[in-house]
Amino acid sequence: MKSIAVAPAKVILTGEHFVVYGVPALVSAVDIYSKTAVSTRRDTTIVARSSSPRCAISINGEHTRVLEGERNARKMLEPMIRVAQAALNRFGSRNQGLNIRIDSEIPVGVGLGSSAAVAISTIAAVGKLCKRRLYRETIRQLAFGSERLIHKIPSGIDQTISTFGGVIVYQKEKPFRRISPRQIFPIIVGDTGKRRSTGKMVSKVRTLLAERDVFAKRALRSAGIISRSALAALRCGDLKRLGQLMNQNHELLREIEISTTELDRLVSAAREAGAFGAKLTGAGGGGCMIAVASSDCTSSVLQAIGHAGGTPYLARMEHRGVRSWVIN
Ligand code: PMV
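Since we're looking at a predicted model, the values are computed, not measured. Residue numbers run consecutively from 1 along every chain, following the written order of its sequence. Thresholds applied to this predicted model are a pLDDT of at least 70 for local features of residues and 80 or more for the giving and counting of side-chain atom pairs; totals over whole chains, interfaces and linings are not thresholded and use all residues. To get the side-chain values, all heavy atoms of the structure are used, and hydrogens and water are removed first.

Thoughts on the packing of aromatic side chains
Within 6.5 Å between ring centres, the rings of Phe, Tyr and Trp (the latter by its six-membered ring) count as paired, and their orientation is classed by plane angle as stacked under 30 degrees, edge-to-face over 60, tilted in between. Here the structure, examined in full by the defined rule, presents 1 aromatic pair. Above the ring of Phe215, the side-chain terminus of Arg212 is found at 4.2 Å from the ring centroid. Lysine and arginine charges are scored as sitting over a ring when NZ or CZ, respectively, is within 6 Å of the ring centre and within 35 degrees of the ring normal.

As structure tokens, then:
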């Protein structure tokens, strides 16, 4: 028997980093997916393979063997096997051997929530294989536990959006709120191609905010106002206003020193090509930026991002969260 699960990537429209300190953030799932297929083995070994990046690893008890792609195998697949083991324990099939195949379209380490989406699709596929009724909240909690091992103070935003999908207002330690935007619009994504670690960027911001108390209070207050105003703009379908607020958010992210020359270049190119607004998205330090634009400007914004050295994508909002099914 085999099970399959798919989970979406995300873009943060407003509030990244500040969300770690309790400020609300606005986030949308997008139509780029991680897919995990899981089947049972007759032994107790767990073998995990990924197609992108290409790597493979097997774990049996304490014994780990890299089968392909040394660096990526340890960095990406070891945590995923731990996630699968946590799911097996939770769903009552401890010591079950598994073959896990991960096919993720989500670029790694660029702010689109790749590691959370891969963890979510893996947990959901294992749960489905164990024939358990899968509560989304359980999937989210299991993935959040694993993220905590990777970066110490995650807000939980990536796990939540990839599990539940849609557009949400996320505030730490509060129930998230689903939003119905007045208008569904495409989100233009520009990837600088530069990978970075979310954990390191979160630590850098923590140090900066701790050293500059007065600035920190002002920045957190401004970030809260931006997210709340962006929520109002989304609800009434005012993309122009949303764009202005994204621009303000980008300035705030520059002030906490997480933007880069490449990100600033893509953001300026998008604005000059007529976007309503643009900002970096996710942890910064490289990775992706996003822009919103009217439909007649979309292709020129995509082109401008390409000319400025980025890889452009046109992403659509995805209302579905993780989905799983069984193949006999
Ligand atoms: O891992 P990324 O780049 O998707 O960033 C996650 C968002 C942060 O606010 C930077 C961290 C967090 O845990 O909320």
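Let's pick the thread back up.
What about the domain arrangement of the chain?
Residue ranges for the domains originate in an automatic or database domain assignment. Domain annotation of the chain identifies domain 1 (2–177) and domain 2 (181–316). In this analysis, two residues are considered to be in contact whenever any of their non-hydrogen atoms come within 4.5 Å of each other. With 29 residues of domain 1 at the interface, the matching set in domain 2 holds 42 residues. Once two parts are joined, some of their accessible surface, as seen by a 1.4 Å probe, is lost; buried area is that loss totalled over both. Taken together, the two surfaces of domain 1 and domain 2 that pack against each other cover about 3,000 Å², and 69% of this comes from carbon and sulfur. For domain 1, the biggest contributors to the area lost against domain 2 are Leu13, His17 and Phe18; these three give 23% of the whole. Take a side-chain nitrogen of Lys or Arg and a carboxyl oxygen of Asp or Glu: if they are within 4 Å of each other, that pair is a salt bridge. The salt bridge partner of Glu16 is Lys279, with a shortest N-O separation of 2.8 Å. Side-chain atoms alone can form a polar contact between residues adjacent in sequence; in general such a contact is a pair of N or O atoms within 3.5 Å, and within protein one must be able to donate a hydrogen while the other accepts it. Where domain 1 meets domain 2, there are 12 residue pairs in polar contact (both at pLDDT 80 or more). Put simply, DSSP H or I for four residues or longer makes a helix, DSSP E for two residues or longer makes a strand, and each gets a number counted from the N terminus. Put simply, the parts of the chain that give the side of domain 1 that touches domain 2 at least two residues each are strand S1 (2–14), strand S2 (25–40) and strand S7 (167–170). In terms of residue count, the dominant contributor to the side of domain 1 that touches domain 2 is S2 (6 residues). Of the residues in the side of domain 1 that touches domain 2, the class split is 18 nonpolar, 8 polar and 3 charged. Gly falls in the polar group here, along with every residue not listed as nonpolar (Ala, Val, Leu, Ile, Met, Phe, Trp, Tyr, Cys, Pro) or charged (Asp, Glu, Lys, Arg).

Thoughts on the environment of Val108
Counting through the fold element by element, Val108 comes out in the loop between strand S6 (98–104) and helix H2 (114–129). Think of it in three bands: residues with accessible area under 20% of the maximum for their type are buried, residues over 50% are exposed, and the middle band is partly exposed, with areas taken using a 1.4 Å probe on protein chains only. Among the residues examined, Val108 registers a relative accessible area of 29% and is labelled partly exposed. For the pair Val108 and Asp213, spaced 105 residues apart in sequence, the C-alpha separation works out to 33 Å. Once you skip the residues sitting within four places of it in the chain, Val108 turns out to touch Pro53, Ser114 and Arg195.

Examining the environment of Leu302
Within the secondary structure layout, Leu302 lies in helix H9 (residues 298–307). By relative accessible area, Leu302 is classed as buried at 18%. Sequence separation between Leu302 and Ala291 is 11 residues; the distance between their C-alpha atoms is 9.3 Å. If near-sequence neighbours (up to four positions away) are discounted, Leu302 is found in contact with Ile188, Pro312, Tyr313 and Leu314.

Thoughts on H2
Over its 16 residues, H2 runs 23 Å from end to end, which matches the ideal 22 Å to within 8%, given 1.5 Å per residue. In terms of burial, H2 is a largely internal element, 14 of the 16 residues being buried. Looking one or two residues past H2, Lys131 carries a phi angle of roughly 60 degrees, positive in sign. Given a helix with a known number of residues, its expected span is that number minus one, times 1.5 Å.

What to know about H9
Among the residues making up H9, those that are buried are Thr298, Val301, Leu302, Ala304 and Ile305. Buried residues of H9, seen end-on, are gathered within an arc of 160 degrees and therefore sit on one face of the element. Those residues of H9 that are exposed and aimed more than 90 degrees away from the buried face are Gln303 and His307. Contact partners of the buried residues in H9: strand S9 (187–191), helix H8 (261–272), strand S11 (288–292) and strand S12 (311–315). Count one or two residues on from H9 and you reach Gly309, which has phi positive near 100 degrees. This arc describes the spread of directions from the helix axis toward the C-beta atoms.

A word on the site of the ligand
We call a residue near a molecule or strand whenever a single non-hydrogen atom of that residue lies within 4 Å of it. The immediate surroundings of the ligand are formed by 18 residues, with Lys10, Ser155, Arg196, Thr198 and Ala283 found nearest. Between Ser155 and the ligand, the recorded distance is 2.5 Å, taken from a side-chain N or O atom to an oxygen atom. A distance of 2.6 Å separates an oxygen atom of the ligand from a polar side-chain atom of Thr198. Under the convention used here, a 1.4 Å probe and the Shrake-Rupley method define accessible areas, while residue burial counts only the protein chains that appear. Across the complex, the protein chains shield 95% of the 380 Å² of accessible surface that the ligand would expose by itself.

Overview of the packing of helix H1 (residues 70–90) against H2
Running from N to C, H1 and H2 cross one another at 35 degrees; their axes reach a closest spacing of 9 Å. In this structure, H1 meets H2 at a crossing whose hand is right-handed. Seen from H1, the contacting residues are Met76, Met80, Val83, Ala84, Ala87 and Leu88; seen from H2, they are Ser115, Val118, Ala119, Thr122, Ile123 and Val126. Residue composition of the contact of H1 with H2, grouped by class: 10 nonpolar, 2 polar and no charged. Geometry is summarised by axes, namely lines fitted to C-alpha atoms with helices restricted to the contacting stretch, and by angles between N-to-C directions that run from 0 to 180 degrees. By convention, the crossing between two helices is left-handed when the near helix turns anticlockwise from the far helix through less than a right angle, and right-handed when the turn is clockwise.

Digging into the pairing of S2
Counting buried residues in S2 gives 13 out of 16 residues, a clear majority hidden from the surface. One ladder, built from 12 bridges, connects S1 with S2; its direction is antiparallel. Paired with Ser3 across the two strands is Val38, which belongs to S2. The criterion for strand pairing is that DSSP finds at least two bridges linking the strands in question. Where S2 and S7 come together, 4 bridges link them in antiparallel fashion. The residue of S7 that forms the bridge with Ser28 is Val167. Relative to S6, S2 is paired through 7 bridges, and the arrangement is antiparallel. From the neighbouring strand, Ala37 faces S6, where its bridge partner is Arg101.

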